[in-house]
Amino acid sequence: MTDILEPTTASVEDMTTEAVRALSLAQKAALGGGASFWQTKEVSDIPSAVLTDGPHGVRFQSGASDHLGISGSDPATCFPPAVGLAQSWDPELGSRVGAALADEAQSAGVGVLLGPGINIKRDPRCGRNFEYFSEDPLLTGVLGAAWVRGLQSGGVGASLKHFAANNTEHDRMRSSSEIDARPLREIYLRAFERVVRDARPWTVMCSYNRINGVLASQNHWLLTDVLRDEWGFEGAVVSDWGAVADRVAAVAAGLDLQMPGDTSVDDDAVVTAVENGMLDPSAVDRAARAVARTALLARNGRRNVTYDVEAHHALAREVAGRSIVLLKNDNDLLPLTPSGSIAVLGSFATEPRFQGGGSSHVNPTRIDSPLEEIRSAAPTARIVHAKGFTTDGFGPTEILHTEAVQAAAGTDVAILFLGLAANQESEGFDRDHIELPVEQVSLLEAVVAVQPNTVVVLSSGGVLRLSPVHAAAPAILNGALLGQAAGGAIADVLFGAINPSGRLAETIPLRLQDAPSFPHFPGEHSRVRYGEGIFVGYRGYDVRDQEVLYPFGHGLSYTSFAYEALTLTADGPDLVACVTVRNTGTREGREIVQLYASMPGSVISRAPRELVGFGTINLAPGKSAEVRIRIERRDLAYWHDQLERWVVEGGDYRITAGASSRDPRLEQTLSIEGNSIQLPFDLESTIGELMAHPAAAEALGATFAPVMPTLQGGDDLGMDMAKMMASLPIGRALKNFGGGSPEALQHLQELLDHINAQALQE
Ligand code: BGC
C-alpha cells in the first residue's frame, strides 16, 4: 500500500466542478446511468469507473457478468466474510483487510468495491446474514468504518450497502420494511450514520426494498434529508443492481447512479423530465457531479499494484484465526496434543464451507483443506478421515455414518466438522429454520457415544440452533465462515498455535421461536412489520430476561482473565473507561473487554443493557494491563421521536465491563447531564407535564386556581387522584371539568404561548 488518498482533496473537488460545468443536460443525464454491468460512462473529460463486488474479496468478472454469483470471476483472495470478521471484534484487523482488498481491486483496475454490507442481523433466518456484521449497531458501525477507512486508504472507494432496512431476502425487491422512528434510527440507521460520518465512504448503495412504503431508491427522506442534509454525505448514491423503478423519481429523491447499464432509455427520460419542468435541473447536476467525483477519485487513486497472493492468503489465515469463537471447552479438551490418533470427520473437513452464495461469491486463489492442515499441524499423529455424511443428504448415508463412528471409536480424539452446505443459505432467499441437518446431529450423537473426546467445528453463515450440539459435544469451535484460509486457521486453534479470542457478534438462542423478530419475519403481502421495535438481538432476549444458549459477546479462551478495576472519567462530552485486566491462566491470550450501559431510572423504554464500547488486550500469563475505551456521548443517546433528534437523557448511567453481554465483571455508575427536551406546550399538554415545569406551574397555578382548585395536584386530594389529574390534557380538563369558557381557553393558550416563548429565550 502506498499513498493515502483523502477523498475530499480540493483538486478532485475542483476538477469535478470544472468537468461538470462543461456538460450539456444530455451528458449529465447520461452520467447518471451505468455504461455496462460494472462500469460508469466516460463522458467528455470524465473517465469511466469500474465498480465490482465485494465485500470480502474482489469478484472481478473479465468474462460474463452477473449480480448473483452465477458466472465465474477472476481469482482473488477470499477473506473471511463479515460474519467471520465480526467475530474478531477488531477494527484494526478490519482495516488491514480493507487495505489488502484495495490492492487486489487496484490490480484488477477496480475503482469502487461494492461493500461493506452493514445491515443489522435482525432475524437468524435472513439469507444474507453472512454478509453482515452483527445484531448490534455499535459493533457493526465501528467495524464497518474501519473497513472503509482501510479500503479507501488504498485509493479504492467503498459502497456502503444496503441502505437501508434490508434485513430479509424474501421478496427483497418489493417488500416494505415497516419500522417506527426509534428502531429505524437507533438500530437500523445507526451504523450507516457512524460509517458515513466517521469514514466518509465514496458511495452508498441504496437497497431494493421499501421503507415505510417508499422504495429506497426513490426515498427523498432517506437519500436526501437524512443521508445528505443530516449526516453530511458528500459522495454518490448508487442503486443496487436493478433497484431503480423510476429513474426520474429516483434522481429527484437523491439517487445519483443507476446500475447496471445500459440505461439510455432512462437517461432520455431524465432529459425530458427536465425539459418538461417535471424534474429540477439541480437534481441532475447533483447526480452528475456525484458520479463524476467518484470516477475522478478513482482515477486519482489509481496505483500500479500487483499484490502478493501468498501474503494475502497469510492475512486471510490470521484474520480467520482471530475470528474463531470457542463456544465450549469442558475439562480443557482443547487445545489438542498433536500426537496419538485423531479421527477427522465430516465432509467439511475436505470440502470446507467458507463463504456464502450470491453476488459476494469469490473465486479463491487457493483453498486450505482442514484435513491437510490438521495433518501438517500434527505430523506424527495417526490421522484417519471419514466423511460421515454428504452435504446434500443423498448418497450412501448409512455407510458413511458407520465408517465415521468406527473411526471415532478407534482413535484418541475426534474432530467433527458440521455445518450448512452452500445451497442451504445464500443471497436471494431466507432459511425457514435454523436447524443443522438431522443426519449431522445423529452422527454427532453416535460419535460422542463411542468417543467422549469429541471436538465439533461449525461452519455456517447464519445462526444455528446448537442445543443438541451443546448437549452432546464437550468442545465446540464456531468458525462461522472463515474465508479461503479457514483450514489452516482451524488447525492453528485446535492445536493451540492460536489461543482463540473471537466473540459472538450475535446471540445464539435456545430456539428460533425465542428470537425477538420471530413472529414478524419475513412478513406477508410485501410488508414486514418490525414489531419488536428496538428490542433486536440481545436487547430483545435481555428485556424479556430470556435464557439463551450463548449470549452476544460470548467466547472462551485457553487462558482466563480477571477484571481488577474499572474507572470512569468524563473527557469533554465523552466518557473514558479504564479497565484493568489480568491474565490469570498459563497461556498468552487476548481478551475483548465489552462495555454495556444501562439506565435503571430511565423514563423511556430501553434495553436492559446496550454495547457502548469495546477494546482488546493481549496479555502474557500473570501480566495485567489497562484497556482504555472511549464511550462516545452519541452512543448514549436515544432517538426522540417527537423532537426528531438524538437526546441524551440526564441521570445515572450504570456502565458494566464484562466478558460478554451476560458476563458482567465490574460496574460503575456515573451521573450524566442530559439534553434539554422541553417540548412546546399546547392545550394537549397534560397537567402533570405543566406542573413539572417550574415556570408553567407558577403561571398556571396563580391564574387557574380559582376555576380549577385541583390543578396543582391538590393537598386535599389523595395521591391517586393527583396522579389521575396529572394525566389530563389541560385544555380538555379546563373545558370539561373546570367550567372553562372559550375566553378562558383563549387565555390559557396565550399563557402557554408566553411560557413557550420564554423557554425559547432561555
Ligand atoms: C446485491 C448487491 C451487489 C449487486 C451487484 C445485488 O444483487 O444485492 O449487494 O453488490 O447485486 O452484484
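A. Fine view of the site of the ligand. For the ligand, the set of nearby residues contains 15 residues, the closest of which are D53, R128, K161, H162 and D240. R128 places a polar side-chain atom, nitrogen or oxygen, 2.7 Å from an oxygen atom of the ligand. D240 is positioned such that a nitrogen or oxygen atom in its side chain is 2.7 Å from an oxygen atom of the ligand. For the ligand, whose free accessible area comes to 310 Å², the fraction covered by protein is 100%. Grouping the constituent residues of the shell around the ligand by class yields 5 nonpolar, 3 polar and 7 charged.

B. The pairing of strand β15 (residues 454-459), seen in detail. A large share of β15 lies buried, amounting to 6 of its 6 residues. Residue alternation in β15 divides its side chains into two sets, T454, V456 and L458 and V455, V457 and S459, and both sets are buried. Across 6 bridges, strand β14 (residues 413-419) lies against β15 in parallel orientation. Bridge pairing links L416 to V456 in β15. The parallel pair β14 and β15 is bridged by helix α15 (residues 438-450), and the resulting crossover is right-handed. Chirality of the crossover, the property in question, places the unit of β15, helix α16 (residues 467-472) and strand β16 (residues 475-478) among those that are right-handed.

C. Spatial organisation of the packing of aromatic side chains. All chains considered together, the criterion is met by 11 aromatic pairs. Look at W639 and W646: their rings are 5.4 Å apart centre to centre, the planes differ by 85°, and that puts the pair in the edge-to-face class. W639 sits in the buried class, given a relative accessible area of 5%. Its relative accessible area of 21% is what places W646 among the partly exposed residues. Following the ring pairs from residue to residue traces out a cluster consisting of W89, Y538, F552, Y596 and F614.

D. Geometry of unusual backbone geometry. The amide bond that connects D53 to the next residue, G54, takes the cis arrangement and shows omega of -5°. Examined against the element boundaries, G54 turns out to sit in the loop between β1 (51-52) and β2 (75-76). Look at the link from G261 to D262: it is a cis peptide, with omega at 0°. Along the polypeptide, D262 turns up in the loop between α9 (247-253) and α10 (264-275).

E. Here's a closer look at the domain arrangement of the protein chain. Structurally, the protein chain comprises domain 1 (9-74 + 88-300), domain 2 (310-503), domain 3 (561-672) and domain 4 (687-761). Computed from C-alpha atoms alone, the centre-to-centre distance between domain 1 and domain 2 is 36 Å. Listed as interface residues are 33 residues of domain 1 and, on the opposing side, 28 residues of domain 2. Here domain 1 and domain 2 share an interface that buries about 2,400 Å² over both sides, 52% of which is from carbon and sulfur atoms. At the surface where domain 1 touches domain 2, the tally comes to 4 salt bridges. Two residues, E427 and R172, come together in a salt bridge whose shortest N-O distance is 2.9 Å.

Calculation notes
- Residues numbered from 1 in each chain as written.
- Predicted model: local features only at pLDDT ≥ 70, side-chain atom pairs only at ≥ 80, totals over all residues.
- Heavy atoms only, no water.
- Near = heavy atom within 4 Å.
- Polar contact = N/O pair within 3.5 Å; in protein donor to acceptor, adjacent residues only side chain to side chain.
- Areas by Shrake-Rupley, 256 points an atom, 1.4 Å probe, with all protein chains shown as cover.
- Nonpolar A, V, L, I, M, F, W, Y, C, P; charged D, E, K, R; others polar.
- Buried < 20%, exposed > 50% of the residue type's maximum accessible area, 1.4 Å probe, protein only.
- Helix = DSSP H or I, 4+ residues; strand = E, 2+ residues; numbered from the N terminus.
- Pairing = 2+ DSSP bridges.
- Right-handed = clockwise from strand over helix to strand, strands pointing away.
- Phe/Tyr/Trp six-rings, centres within 6.5 Å; stacked < 30°, edge-to-face > 60°.
- Domains from an automatic or database assignment.
- Contact = heavy atoms within 4.5 Å.
- Buried area = accessible area lost by both parts, 1.4 Å probe.
- Salt bridge = Lys/Arg side-chain N within 4 Å of Asp/Glu carboxyl O.

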